[in-house]
There are 2 protein chains.
Amino acid sequence: MIKKRIKILREKFKNFHIDGYIIPKNDEFFSEYAKNDRLKNISNFTGSAGLAIILKKNNYLFVDGRYTIQAHNESVSNFKIIEIHKNMPHSIIKNCTLGFDPHLFTTDKLKRYFSSDIKLVSIGENLIDKIYKNKPIKVKPFFSLSKIITGESHQSKIKKIMHFLKLHNADFLFISAPQNVAWILNIRGHDNPTSPIPNSRLIIGKNKELFLIADKKNTHKIVKERKIKKNQLIDFCDFKELISGLKGSRFIIDNQSCSVFAEKIINSRFKIINKEDPVYKLKSIKNYSEIKHMINAHKIDGLALTKFIYWIKNINNKNITEVDAQNKLEKFRKMDSRYLFPSFNTIAGSGSNGAIVHYRATKLNTKKINKDDIFLCDSGGQYKYGTTDVTRTLCFSKPKQYIKDIFTKVLKGHIAVALTNLNKNNTGKKIDVHARKFLKKDGLDYAHGTGHGVGFFLNVHEGPQSISKYNSIKIEKGMILSNEPGFYKKNHFGIRIENLLYVKQKNNSLYFENLTLAPIEKDLINYNLLNEIEKDYLFKYHLNIYTEYSNLLNKKERKWLASLI
Amino acid sequence: MIKKRIKILREKFKNFHIDGYIIPKNDEFFSEYAKNDRLKNISNFTGSAGLAIILKKNNYLFVDGRYTIQAHNESVSNFKIIEIHKNMPHSIIKNCTLGFDPHLFTTDKLKRYFSSDIKLVSIGENLIDKIYKNKPIKVKPFFSLSKIITGESHQSKIKKIMHFLKLHNADFLFISAPQNVAWILNIRGHDNPTSPIPNSRLIIGKNKELFLIADKKNTHKIVKERKIKKNQLIDFCDFKELISGLKGSRFIIDNQSCSVFAEKIINSRFKIINKEDPVYKLKSIKNYSEIKHMINAHKIDGLALTKFIYWIKNINNKNITEVDAQNKLEKFRKMDSRYLFPSFNTIAGSGSNGAIVHYRATKLNTKKINKDDIFLCDSGGQYKYGTTDVTRTLCFSKPKQYIKDIFTKVLKGHIAVALTNLNKNNTGKKIDVHARKFLKKDGLDYAHGTGHGVGFFLNVHEGPQSISKYNSIKIEKGMILSNEPGFYKKNHFGIRIENLLYVKQKNNSLYFENLTLAPIEKDLINYNLLNEIEKDYLFKYHLNIYTEYSNLLNKKERKWLASLI
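Residues numbered from 1 in each chain as written. Chains lettered and ligands numbered in written order. Predicted model: local features only at pLDDT ≥ 70, side-chain atom pairs only at ≥ 80, totals over all residues. Heavy atoms only, no water.

### Points about the overall build of chain A
And step 1. Check the secondary structure of chain A and you find 19 helices and 27 strands.
And step 2. Relative to the 2.2 N^0.38 estimate, which gives 24 Å for 565 residues, the radius of gyration of chain A is 25 Å and therefore close to what a compact globule would have.
And step 3. For chain A, the spread of C-alpha atoms along the three principal axes comes to 65 × 55 × 40 Å.
And step 4. Buried residues in chain A amount to 59% of all 565 residues.
And step 5. Nonlocal contacts in chain A, meaning residues at least 24 apart in sequence, comprise 67% of its contacts between residues at least 6 apart. (Helix = DSSP H or I, 4+ residues; strand = E, 2+ residues; numbered from the N terminus. Rg over C-alpha atoms; globule rule 2.2 N^0.38 Å. Buried < 20%, exposed > 50% of the residue type's maximum accessible area, 1.4 Å probe, protein only. Contact = heavy atoms within 4.5 Å.)

Shown next as structure tokens:
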């Protein structure tokens, strides 16, 4: 099937005078998880990031280190698999003419991937869509969130953007990332499988001009409630006409998500100023309402997790699979009507699968959960209203001492992050050191960041803040971050302990508070390695869970939960 | 009936060679609310504090200022009603011989009430009980609270007492207050209508001696679980024998609750040292577990209150009475199985009844709630596990402007207390000033303290801390206090806004957090009198309630609650 599609694609090269065609993972909204997955349609690769180049004779699939094994499994019969950070496309593909869809690339990305010996030809219609297109998604309209939920009116947010424009002496801002449109207008949509993203773009002018660029089929609700007037509503196909009617000289775009297509149109009438969309920073600082709703979402999520952990620790003799486990967790989440859908694809890996950082168990590859293996489960939910992300590593029999010791060192790092004195260590790169220091003493480490920013009822991954070796964004009150140190031994086991944290301030003192409420595997802890502060942390952490849920659990669950304190 | 009882009592005077007999409100455990109410049995007076003296010809009923009106209503046909702080018994009753029950008086109290011209005769058997005795209370055994609930083992608490004894060079401590026995042993009982008090006393020795003095019928559960060994268990009647068998020289008693009877027995073998029982202070500082459970109890209570407030604001056209209102509130509380019983008698007063600080509506005196009157409702519950106390003042039609203004000033005081910078103002007497300052600007005030300490699943009133003009106890992390400024216009209306607070500490910064979650009457607020900080406080306060309960309310309730934010 893939072979056939590649053949049809190659037949089109002549018409466009190209030697090859580039297919990225992202869709035209540069979302983390796109519904129309053209890369999968042409390569069979299902990872969350990658780039295919189909040439007349050879095909290349560029993926990052997380996905090389998976790409081999899924695509090696038709593609040469290249690890992208070791070999960029420009080091392999030279002196030819490549076609690309200008809606799917930013100028920036093209420059990074290809050098000047490649001639790039912009082709307006997507060639993969002409061969195979995912079923059109059922139209579900955008909807508004009330001020009780968002804590700030869209008018107030728009005013902030107008100040930003005036500060930078610009006439317009092009908000090309739908997650940022969602934040500004306090709207959400159904255009992403794991995030309530409303696929749309927005233009805000310094004189209060406002244009929402979206599929009109999606907008009747927000028009009805007068959030957007009809004349502020522009269809995707009318973008060029809109721009040509605007008056002014300077236009700010963000080259992370402004497509080549849009940039060209804007550039034909305006001087382009490249700047990070200010919404990224603004929305990273959650207000009181957003935090309250996030706390609430985590209370709902934590109950499902607690019941799940009890269940899996007690059912395990029945030989369930990874997929059984993730389905059961989903069932527990669905018990509350405020649960909507997963905030990302669950990673449920037993034993050696736990060592694959982005492992995804499917019906075809799922493995039985061995009683003697440890089991890593990373999952999250989108709730009315909030987004969760949590990892627990569990065991079902007496674990080996060295695994307990490593788990305990990961836990010590996790606790050190949670107890960070943010008045002293106020950047992700400083905090990251503390997360790793206990493992490092033994020469151990993990090959991912310690934490990412998290959206409010939006993407589970968002910036600009993170806990990682290179992030020097100041951690501020209202930010939400994950705290997820780990350790992975290839072909053996994986350990990760992940909570979400939010930054609280009281009398000028800044500190983290846990959002996540889910028991931490006591059977994997070597208490001799913990000091009194760490023991007290765990005592309070589990007591919080107990007081929150004891009345909502059955007798057996409650008894077990009490035993953890 | 009362007349007859008095007659029978007087007939007994000859046998004991007395001219009169003193009947206090308290029982032999000096509890705030006793089940065997001898004062009521001989005088018909039902208030919570008072003292009757029956002489051969005259009868006196001494009550404090709160109860003079009530005492007149209930007892004036047989008693002269005397306001005790204006006229102490010794200023009225002179040169005679009075009998008293040594189990019901402390040496201290007798000294305060009577001067040396009165001869006091201790009579071991209670004369009122011989005439009329309340039905014996059904025996319900003491029960233990687990460490998850109390946060500290009884062994650890006993050790603290042993340190206290060594510090004061004493051999024994007599813990005569059952609330303090409850705290030390982590037990509770059923011996008080509004508090899970286990009627008992305790002796702890510096060498780990431990004796529980209690009715053996109540103790089988705690003996079975080996909290108390059989040989540590002493019946009330064996107290003298116990004391005579103890070795040592110095015995600490607390003259707030050590009866004349017990003091005499101890004094016959030991040197008596009068000291405040250290448990009062120890138990005022709630630990992490106790606070967590109190937070939980308030979450349960707040849902009932929120539903009640919605109900009464919307049902009021149907002309309900004060008693209907308090019964309905009780019904809402009973909807959660963790609710046990009221933590004190509900005060539900409409209009002028709201001005009676300790008003109690009963079937006989209850008044219809007038739509145009404001309605004061002060109530609380005992929960598994925690104690609540909350007052809200509500209106049902557009209130008069001057009432709104006064309510708003009371509210400003209430908010000022909640936002106290405890690093600066760390005593009740300093905080009390802030609670009153807005009323004082208009020459207004209220004749009660601003806040009392609150027990953990124990008495709703406990010391030693309070927010009042004279209290200079340092406010410490873990203390729980009420915050209840008010204003009362006699024969017109009463206003009180009461939340419970606990003291939290983060990075050396000490501050109050609200425990109580119940909407504050927006219709009584004049927003023009509030500054931005106060408005923000109310916004956050109501948002907390909304996120906590929105999923547990019906649509109408939810919509109303959202409208408060």
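### Here's the deal with the sheet that holds strand β11 (residues 210-214) of chain B
Residues and elements named next belong to chain B.
And step 1. The six strands lie next to each other as β12-β11-β10-β8-β13-β14, forming an open sheet whose pairing is mixed. Both edges of this open sheet fall to β12 (233-234) and β14 (271-274), since each of them pairs with a single strand only.
And step 2. Where strand β10 (residues 200-205) and β11 come together, five bridges link them in antiparallel fashion. Each residue of the ladder has a partner; that of Arg201, found in β11, is Ile213.
And step 3. Set on the sheet, helix α8 (residues 154-167) makes contact with β8 (172-175), β10, β11 and β13 (250-253); between it and β10 the angle comes to about 60 degrees. (Pairing = 2+ DSSP bridges. Axes fitted to C-alpha atoms, helices over the stretch in contact; angles between N-to-C directions.)

### Quick notes on the pairing of strand β20 (residues 390-394) of chain A
And step 1. The element β20(A) is extensively covered by neighbouring structure, given that five of its five residues are classed as buried.
And step 2. With burial as the criterion, each face of β20(A) is covered, one bearing Val390(A), Arg392(A) and Leu394(A) and the other bearing Thr391(A) and Thr393(A).

### Quick notes on the packing of aromatic side chains
And step 1. For the structure on display, the rule yields 34 aromatic pairs over all chains.
And step 2. Judged by centre distance (5.2 Å) and plane angle (25 degrees), the ring pair of Phe172(B) and Phe251(B) falls under stacked. Here Phe172(B) is found in strand β8, whereas its partner Phe251(B) is found in strand β13, with 79 residues between them in sequence.
And step 3. Grouped by ring-pair contacts, the aromatic residues Phe172(A), Phe251(A) and Phe270(A) constitute a single cluster.
And step 4. For Lys157(B), the ring lying beneath its charged end belongs to Trp183(B), and the centroid distance is 4.2 Å. (Phe/Tyr/Trp six-rings, centres within 6.5 Å; stacked < 30°, edge-to-face > 60°. Lys NZ or Arg CZ within 6 Å of the ring centre and 35° of its normal.)

### Points about the relation of the copies chain A and chain B
And step 1. The two copies are related by a screw motion: chain A maps onto chain B through a turn of 180 degrees and a shift of 0.0 Å along the axis, at an RMSD of 0.1 Å. When the rotation and shift are considered jointly, the pair of chain copies conforms to a two-fold rotation axis.
And step 2. Comparing contact sets, 100% of the residues at the interface of chain A also lie at the interface in chain B, consistent with an isologous, same-surface contact. (Least-squares fit on C-alpha atoms with pLDDT ≥ 70 in both.)

### Digging into the state of the cysteines
All names here are of chain B.
And step 1. Taken as a whole and judged by the stated rule, the model has zero disulfides over all chains.
And step 2. Note on Cys395: no disulfide assigned, nearest cysteine sulfur contributed by Cys377 at a separation of 14 Å.
And step 3. Taking the relative accessible area as the measure of exposure, Cys395 reaches 3% and is therefore buried. (Disulfide = S-S within 2.5 Å.)

### Overview of the confidence of the model for chain A
And step 1. Per-residue confidence for chain A averages 95 on the pLDDT scale, and 99% of its residues sit at or above 70.
And step 2. Here the predicted complex scores 0.92 on pTM and 0.88 on ipTM. (pLDDT = per-residue confidence, 0-100.)

### Concerning the environment of Glu534(A)
All names here are of chain A.
And step 1. Within the element layout of this structure, Glu534 appears in helix α18 (residues 532-549).
And step 2. Each C-alpha atom, one on Glu534 and one on Leu419, is 9.4 Å from the other, the two residues being 115 residues apart in sequence.
And step 3. Residues contacting Glu534, with those up to four places away along its chain left out, are Lys412, Ile415, Phe438 and Leu529.
And step 4. For Glu534, the side chain forms a polar contact with the side chain of Lys412, separated by 2.9 Å. (Polar contact = N/O pair within 3.5 Å; in protein donor to acceptor, adjacent residues only side chain to side chain.)

### Some remarks on the sheet that holds strand β19 (residues 386-387) of chain B
Residue and element names in this part refer to chain B.
And step 1. With respect to topology, three strands assemble into an open sheet ordered β15-β18-β19, the strand pairing being antiparallel. At either end of the open sheet lies a strand with only one pairing partner, and these are β15 (339-342) and β19.
And step 2. Here three bridges tie β15 to strand β18 (residues 381-383), and the two strands are oriented antiparallel to one another. Paired with Pro342 across the two strands is Gly381, which belongs to β18.
And step 3. On the sheet, helix α15 (residues 322-334) packs against β15 and β18 and is oriented at approximately 155 degrees with respect to β15.

### Digging into the interface of chain A and chain B
And step 1. With 26 residues of chain A at the interface, the matching set in chain B holds 26 residues.
And step 2. In total, about 2,400 Å² of surface goes out of reach between chain A and chain B, with carbon and sulfur atoms giving 55% of it.
And step 3. Considering only the surface of chain A that becomes buried against chain B, Ile148(A), Tyr288(A) and Thr547(A) emerge as the three largest contributors, covering 24% of it.
And step 4. Between chain A and chain B we count two salt bridges in total.
And step 5. Put simply, chain A and chain B have twelve residue pairs in polar contact (both at pLDDT 80 or more) between them.
And step 6. The greatest single-element share of the side of chain A that touches chain B, amounting to seven residues, is contributed by α18(A). (Buried area = accessible area lost by both parts, 1.4 Å probe. Salt bridge = Lys/Arg side-chain N within 4 Å of Asp/Glu carboxyl O.)

### Section: unusual backbone geometry
And step 1. In this structure, Pro464(A) follows Gly463(A) across a cis peptide bond, with omega equal to 5 degrees.
And step 2. Mapping Pro464(A) onto the fold places it in strand β22 (residues 462-467).
And step 3. Tyr385(B) follows Lys384(B) through a cis peptide bond whose omega is 5 degrees.
And step 4. Relative to the helices and strands, Tyr385(B) is located in the loop between β18 and β19.
And step 5. A positive phi angle, close to 55 degrees, is found at Phe30(B), a residue other than glycine.
And step 6. For Phe30(B), the position within the fold is in the loop between β1 (20-24) and α2 (38-43).
And step 7. Taking the relative accessible area as the measure of exposure, Phe30(B) reaches 18% and is therefore buried.
And step 8. Residues other than glycine seldom take positive phi values, yet Asn186(B) does so here, at roughly 55 degrees.
And step 9. When you line up the elements, Asn186(B) lands in the loop between α9 (178-185) and β9 (187-188).
And step 10. By relative accessible area, which is 4% here, Asn186(B) ends up buried.

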